[in-house]
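Per-entry structural report
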Amino acid sequence: SAAHQPTLEASPSGPQPAGRPAFQLLSELSPAGRDVIRHPHPEVVAILDPRPLLDEAAAIAARVGTAGWLIAETLASGLAHNNQLWFGADRNVGRVVERAAPELGIAVTVVT
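Given the structure is predicted, the values throughout are model-derived calculations rather than measurements.

Across its full length, the protein chain holds six helices and two strands. Mapped in sequence order, the helices and strands of the protein chain form the string α-α-α-α-α-β-α-β. Across the 112 residues that make up the protein chain, the buried fraction comes to 24%. Sequence separation of 24 or more characterises 40% of the internal contacts of the protein chain that already satisfy a separation of 6 or more. Summing over all exposed atoms, the protein chain offers an accessible surface of approximately 7600 Å²; the carbon and sulfur share of this is 57%.

Let us now look at the confidence of the model for the protein chain. Caution applies to low-pLDDT regions: their predicted coordinates should not be interpreted in detail. On average, residues of the protein chain carry a pLDDT of 81, and 81% of them reach 70 or more. Across the protein chain, the element-wise mean pLDDT spans from 46 in helix α1 (residues 5-8) up to 95 in strand β2 (residues 107-110). Per-residue pLDDT stays below 50 along residues 1-11; that stretch engages in 19 contacts with residues further than four places along the chain or on separate chains.

What follows is about the pairing of strand β1 (residues 84-87). Consecutive side chains along a regular strand alternate between the two faces of the sheet. Of the two faces of β1, the one holding Leu 85 and Phe 87 is buried and the one holding Gln 84 and Trp 86 is not buried anywhere. Here β1 pairs with β2 via four bridges, running parallel. Residue Gln 84 lies in a different strand from β2, and its bridge partner there is Ala 107.

Counting residues in each nonpolar core, the largest one holds 17 residues, and the members touching the most others are Ile 60, Leu 75, Leu 85, Val 97 and Ile 106. Listing elements by their share of this core, those giving two or more residues are α4 (54-64), α5 (69-80), β1 and α6 (95-104). The biggest single contributor to this core is α6, with five residues. Among residues more than four places away in sequence, those in contact with Val 97 are Ile 71, Leu 75, Leu 85, Phe 87, Pro 102 and Val 108.

For α6, the complete set of buried residues consists of Val 96, Val 97, Ala 100, Ala 101 and Leu 104. Buried residues along α6 cover an arc of 115 degrees about the axis, so they all sit on one side. Among the exposed residues of α6, those pointing more than 90 degrees away from its buried face are Arg 95, Glu 98 and Pro 102. Packing partners of the buried residues in α6 comprise α4, α5, β1 and β2.

Computed from the structure, the second largest pocket encloses a volume of approximately 450 Å³. Lining the second largest pocket, in full, are Val 44, Val 45, Ala 46, Ile 47, Leu 48, Ser 77, Gly 78, His 81, Asn 82, Gln 84, Leu 85 and Trp 86. Among the elements that make up the lining of the second largest pocket, the one with the highest residue count is β1 (three residues).

Parameters and conventions
Residues numbered from 1 in each chain as written. Predicted model: local features only at pLDDT ≥ 70, side-chain atom pairs only at ≥ 80, totals over all residues. Heavy atoms only, no water. Helix = DSSP H or I, 4+ residues; strand = E, 2+ residues; numbered from the N terminus. Buried < 20%, exposed > 50% of the residue type's maximum accessible area, 1.4 Å probe, protein only. Contact = heavy atoms within 4.5 Å. Areas by Shrake-Rupley, 256 points an atom, 1.4 Å probe, with all protein chains shown as cover. pLDDT = per-residue confidence, 0-100. Pairing = 2+ DSSP bridges. Core = buried A, V, L, I, M, F, W, Y, C linked by side-chain atoms within 4.5 Å. Arc of directions from axis to C-beta. 1 Å grid on protein atoms, 1.4 Å probe; cavity = no way out; pocket = protein on both sides within 12 Å on 5 of 7 lines; lining within 4 Å. Points joined across faces, edges and corners; volume = space filled by probe spheres on them.

Right, dumping it as structure tokens:
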């Protein structure tokens, strides 16, 4: 969409493959690309405050058993956002999220 087009074109060599540190990619952004990161379009990126989800995260941690707080908060976030979680790479999903998400009715999508 046009909302994220400046970010896709921000690097002189076009979209970059996974594996490069974020600070390197961010340092190559154009002013328009940096503005997209600083002020993301609300239909493209939503920044979630996990504090209101702590009770749900605690219940998930108790239910899943092996979930640490970060995983429990991630799963609670998925429930709070239309039962969806989006990741940038398979390696970011993790075994516990991969196992627990379907049990909680959360769809996991990996964007590559």
